[in-house]
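These are the residues of each chain, in order.
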Amino acid sequence: MPIRLYNSLTRTLVDLQPREPGHVTMYHCGPTVYSSPHIGNFRSFLFADVLRRFVEDQGCRVTQVMNVTDVGHLTLDDIEAGEDKMEAAARKAGVTAWDVAKRYEDEFHDCQRKLHVRLPHHMPRATEFIAQMGGIIDDLLQKGVAYQRNGNVYFEVARFPGYGKLSGKVLDELEAGARVAVNEEKKDPRDFALWKVDPKHQMQWDAPFRDGVRGFPGWHIECSAMSMHYLGPQIDIHTGGEDNMFPHHECEIAQTEAHTGVPFVGVWLHARHLLVDGTKMSKSLGNFFTVEDVLKKGYTGLELRYALIRVQYRQSLNFTLKGLDEARAAIGRVQQCRQRLARIRDGAEPAGAGDLAPDVAAANAAFTAAMSDDLNVSEALAAVFDFVGVANKAQPTAAGATAALAAFARFDDVLGCFGPEPKADAGADAPAELIALLPARDAAKKAKDWATADAIRQQVAAAGWKIVDTPQGARLEKA
RNA sequence: GGUCCCGUAGCCAAGUGGUUAGGCAACGGAUUGCAAAUCCGUCUACCCCAGUUCGAUUCUGGGCGGGACCUCCA
């Protein structure tokens, strides 16, 4: 079944057709490492992760590149002062911009691990691709689509007819009242910087192109350089947050295609921003959460991951604490089901005669269909939960249970939000002294000595576990 | 001002021109010595107004409400 995706460039659903059959190349606009990653960032990154996992699930090899932007961009407040976000963060913390970048890059990777992200094959830093950026700038200058003024290099938008095709921005209607800083150097206000010169800037490099002046790269050029380096001039998929569409991706297209002369990206995908409590997340509203903020509240990475992927990427997702509680309950329902199946498979619980094969096939088909439909995770989850209901009602054979478990393993391989298969004996990891209590509990129950039975239950509960009574005797589960 | 998205039961959220999505919560029941989990049942909705239609939540137009982008932003 082909994977249908919504191409932002054409605003249509298209079948994913990799340039090289069986191999999909993806580039994702990654984090700018000047502050702690927040849940909004990770909605986008988890979307990219789920996309990669599903493409792999469908039998394609994937090569995935995500950049780390460790060169700062101008802040709104500090534009006048010529200070960028990383340098502002560095100044406030009393360290260098390089220190800031390192610290937050580490934090980003830590969050990736905690949210069970399958790591991209390459995660290059912008600062390590200055030479490659220079090569493109040099070429654009030679081709006459870029020009230099006082050392600053600008891309001349008027020389690239396709400018605006992604974002739909009409060239001569970019609102005069908008935040377009007046810049006398530019031939046209829409022209964007490829290289900037500012002696006050901490991060500086000798110009990596002919007749250039020492400075630092513009914001957009890094993605062109890095994607081209790893994936060649044409890539299958490029993702980012919806805010990246303009100007960032528009500029990427312009400079890359002006340089290579061929279409840059097969399918552009943009993730919708999430809302928190129904409104835009912002520090001033007090509804701003970093990944770490959420984990500190006691939620697991899986729970946060579930909450962030459960809505299709093109819909705005309303993130709430209640949603995290729902995620916890939903994951628990799946894991409970898997554990029972594991017990049946391992003979810890009597098997029945049910052959789940048709149900497994139906669930897999429904899941695939949902995910193939522009990554409709909500519908895919519905397929998973429909199957939970079927499995819970069934009395499967050991083979049937095994097949069902394989289906769940597959669902988790794609979504990554349920966790590993629970052990058949969930109490195996319990402290030995608790396990030792179980025979006494069974004996007490048999003797109808409820006082002793309850005392044992309480003792176990105090240690963070719980007793589950079954026809096969009592067993332990993590509370 | 320009461009674009959305409005589904208590909450989250799919989907469809006519046949109860799903999750969470709540309530009732089965099961259990008591529990947990599970199962059964209840709650069965599509912002408002027009239009098209045999029939609209689904299409069209208008309104109201929320949100996004218009060179900080995932």
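Structure: see above.
Residues numbered from 1 in each chain as written. Chains lettered and ligands numbered in written order. Predicted model: local features only at pLDDT ≥ 70, side-chain atom pairs only at ≥ 80, totals over all residues. Heavy atoms only, no water.

Caption draft 1: Here's a closer look at the nonpolar core. Residues Ile-39, Phe-42, Phe-155, Phe-319, Met-371 and Leu-415 are the most contacted members of the largest nonpolar core, which totals 129 residues. There are two domains that each give this core at least three residues, and those are domain 1 (4–271) and domain 2 (291–415). Formed by 10 residues, the second largest nonpolar core is a distinct cluster that contains Ile-456, Trp-465, Ile-467 and Leu-476. (Core = buried A, V, L, I, M, F, W, Y, C linked by side-chain atoms within 4.5 Å. Buried < 20%, exposed > 50% of the residue type's maximum accessible area, 1.4 Å probe, protein only. Domains from an automatic or database assignment.)

Caption draft 2: Fine view of helix 6 (residues 245–260). The buried fraction of helix 6 is high, at 12 of 16 residues. The first or second residue beyond helix 6 is Gly-261, which carries a positive phi of 80 degrees. (Helix = DSSP H or I, 4+ residues; strand = E, 2+ residues; numbered from the N terminus.)

Caption draft 3: Inspection of the protein's contact with RNA strand B at higher detail. Inspection of the region around RNA strand B gives 64 residues, with Lys-85, Pro-189, Gly-241, Asn-244 and Asp-469 positioned closest. Near-protein atoms of RNA strand B (within 4 Å) split between backbone and bases, with sugar and phosphate holding 62%. In the model, a base oxygen of RNA strand B is placed 2.6 Å from a nitrogen or oxygen of the Pro-189 main chain. Taking Gln-336, its side chain carries an N or O atom lying 3.3 Å from a sugar or linking oxygen of RNA strand B. With 8 residues, the single largest contributor to the surface near RNA strand B is helix 11 (residues 377–393). Residues belonging to the surface near RNA strand B are distributed by class as follows: 20 nonpolar, 20 polar and 24 charged. (Near = heavy atom within 4 Å. Polar contact = N/O pair within 3.5 Å; in protein donor to acceptor, adjacent residues only side chain to side chain. Nonpolar A, V, L, I, M, F, W, Y, C, P; charged D, E, K, R; others polar.)

Caption draft 4: Examining the sheet that holds strand 13 (residues 317–319) more closely. Taken in spatial order, the 3 strands of this open sheet run 12-11-13, and their pairing is mixed. Every other strand in the sheet has two partners, leaving strand 12 (279–280) and strand 13 as the edge strands with one partner each. Relative to strand 12, strand 11 (residues 274–276) runs antiparallel, the two being bridged by 2 bridges. The residue bridging Leu-275 from the neighbouring strand is Lys-280, located in strand 12. Across the sheet, helix 1 (residues 39–57) is in contact with strand 11 and strand 13; its angle to strand 11 comes to roughly 150 degrees. (Pairing = 2+ DSSP bridges. Contact = heavy atoms within 4.5 Å. Axes fitted to C-alpha atoms, helices over the stretch in contact; angles between N-to-C directions.)

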